[in-house]
Amino acid sequence: MAASGRARALQKIVEAHPTSDGAGVKLRRSLGRSQMERLDPFLMLDEFSSFDPNDYIAGFPAHPHRGFETVTYLIDGHMLHEDHLGHRGDLKSGAVQWMSAGRGIVHSEMPQQEQGRMRGFQLWINLPAREKMKPASYRDISPDEIPSVELAQGGRVKAIAGTLEIPGRSVPGPIQGLSTDPLYLDVELPALASFTHPVKSDYNAFIYVFEGGASIGPPSAGKDLATHCAGVLASGDRVELRAASEGARFLLLAARPLGEPVVQYGPFVMNTREEIEQAIRDYQSGELTRAPAVAAR
Ligand code: FE2
């Protein structure tokens, strides 16, 4: 390994706080719980997990977005997504919905179950200024499109976005080629198992533990990250960690930062206050969801 190679240390812990969103869905928010707690280009990460239908049954009725991408990863449960463009996506356990709101979308995400566990994540990823007003697009990714790779040391990794790189194997996930080049892995490790993964040194990266715990960093200098905590990683060219004695399940997320100003008002994320005011006017007038004029020639 080159002398510059360095495992990323745990720089900051953002503990998830209980909150609710939509029509009263209970969730835990780590990144994005305040505007100070973002990690460019990641704006927000919500975890929802409950066996109690009262915590999720109200769902997320029709609401708008502009200027960024929303990624729903459903681990357990069944949700129906519908939007103003006529897309319908039936999300079952293990499925992902990758929606690029662009200039505007109005959509709903409603539970299709009245009992049982509902568990998953919603991640918001910012779009660069030049893509904030592109037409909305949407991709439903079924569980069988998401590679699941067994690890030699036990455990497994699901590759949702970017490419899983483990010794001797390179396994691309279904989402590739976005401007922010996101890496989105779901990693499950048995007790005390180690895991190493390259992360480009100019990318921002974090880990969100949702079962068990992990010690982040090289074995001699690991720092503990507990369940329901996001761990923002310092600079380096790889992630190194070890699962706690109860094992670990976590998301590893990394992406190219945009380095652009962020102005957010609820579901609108733009670069300036004027653009936010425009988004609100466009939503109120119906322009947000009107098809953009197609150039005649
Ligand atoms: Fe939404």
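*Asks:* Looking at this model, I keep getting lost on the coordination of the iron ion. Mind explaining?
*Replies:* Each angle at a metal carrying four tetrahedral donors should ideally be 109.5 degrees, and each at a metal carrying six octahedral donors should ideally be 90 or 180 degrees. Within the first shell, the iron ion binds the protein through His63 (NE2), His65 (NE2) and His107 (NE2), at distances of 2.1 Å. Mapped onto the polypeptide sequence, the residues donating to the iron ion form the spacing pattern H-x1-H-x41-H. A residue pair is termed long-range when its members are at least 10 positions apart, and histidine 65 in strand 5 (residues 60-65) and histidine 107 in strand 10 (residues 105-111) qualify at 42 residues. Considered together, histidine 65 and histidine 107 belong to a single accessibility category, that of buried residues.

*Asks:* Just checking my understanding: could you explain the sheet that holds strand 10 for this structure?
*Replies:* Within a beta sheet, neighbouring strands are joined by backbone hydrogen bonds and run either parallel or antiparallel to one another. The sheet built from four strands is open, its strands ordered 5-10-7-8 with antiparallel pairing. What marks the edges here is a single partner per strand, and that holds for strand 5 and strand 8 (88-92). Shown here is a sheet whose adjacent strand axes are inclined to one another by a mean of 20 degrees, direction ignored. As paired strands, strand 5 and strand 10 are joined by four bridges and run antiparallel to one another. In the sheet register, histidine 63 faces strand 10, and the bridge partner there is histidine 107.

*Asks:* So what exactly am I meant to see when it comes to unusual backbone geometry here?
*Replies:* A negative phi angle characterises most non-glycine residues, just as the trans form characterises most peptide bonds. With an omega dihedral of 5 degrees, the bond running from aspartate 40 to proline 41 counts as a cis peptide bond. Along the chain, the position of proline 41 falls in the loop between strand 3 (25-29) and strand 4 (42-50). If you check the backbone angles, leucine 192 has positive phi at about 65 degrees while not being a glycine. For leucine 192, the position within the fold is in the loop between strand 17 (183-189) and strand 18 (194-198). Leucine 192 sits in the partly exposed class, given a relative accessible area of 45%. Backbone geometry at histidine 228 places phi at a positive 65 degrees, although glycine is not the residue there. The topology assignment puts histidine 228 in the loop between strand 20 (223-225) and strand 21 (229-233). The partly exposed category is assigned to histidine 228, whose relative accessible area is 22%.

*Asks:* I keep staring at the environment of serine 142 and nothing clicks. Help me out?
*Replies:* Its place among the elements puts serine 142 in the loop between strand 12 (137-141) and strand 13 (148-150). Sequence separation between serine 142 and leucine 91 is 51 residues; the distance between their C-alpha atoms is 7.8 Å. A polar contact of 2.5 Å, which involves the side chain of serine 142, links it to the side chain of aspartate 144.

*Asks:* I tried to follow the sheet that holds strand 2 (residues 17-21) on my own but got confused; where do I start?
*Replies:* Spatial ordering of the open sheet is given by 2-3-4-11-6-9-12, a layout of seven strands whose pairing is antiparallel. Both edges of this open sheet fall to strand 2 and strand 12, since each of them pairs with a single strand only. Within the sheet, the average angular offset between the axes of one strand and its neighbour, ignoring direction, is 20 degrees. Bridging between strand 6 (residues 68-76) and strand 11 (residues 118-126) involves eight bridges; their strand directions are antiparallel.

Quick notes on the rules
- Residues numbered from 1 in each chain as written.
- Predicted model: local features only at pLDDT ≥ 70, side-chain atom pairs only at ≥ 80, totals over all residues.
- Heavy atoms only, no water.
- Donors = N, O, S within 2.8 Å, 3.2 Å for Na, K, Ca; no water.
- Helix = DSSP H or I, 4+ residues; strand = E, 2+ residues; numbered from the N terminus.
- Buried < 20%, exposed > 50% of the residue type's maximum accessible area, 1.4 Å probe, protein only.
- Pairing = 2+ DSSP bridges.
- Axes fitted to C-alpha atoms, helices over the stretch in contact; angles between N-to-C directions.
- Polar contact = N/O pair within 3.5 Å; in protein donor to acceptor, adjacent residues only side chain to side chain.

Geometric descriptors of this kind do not, in isolation, establish any biological role.
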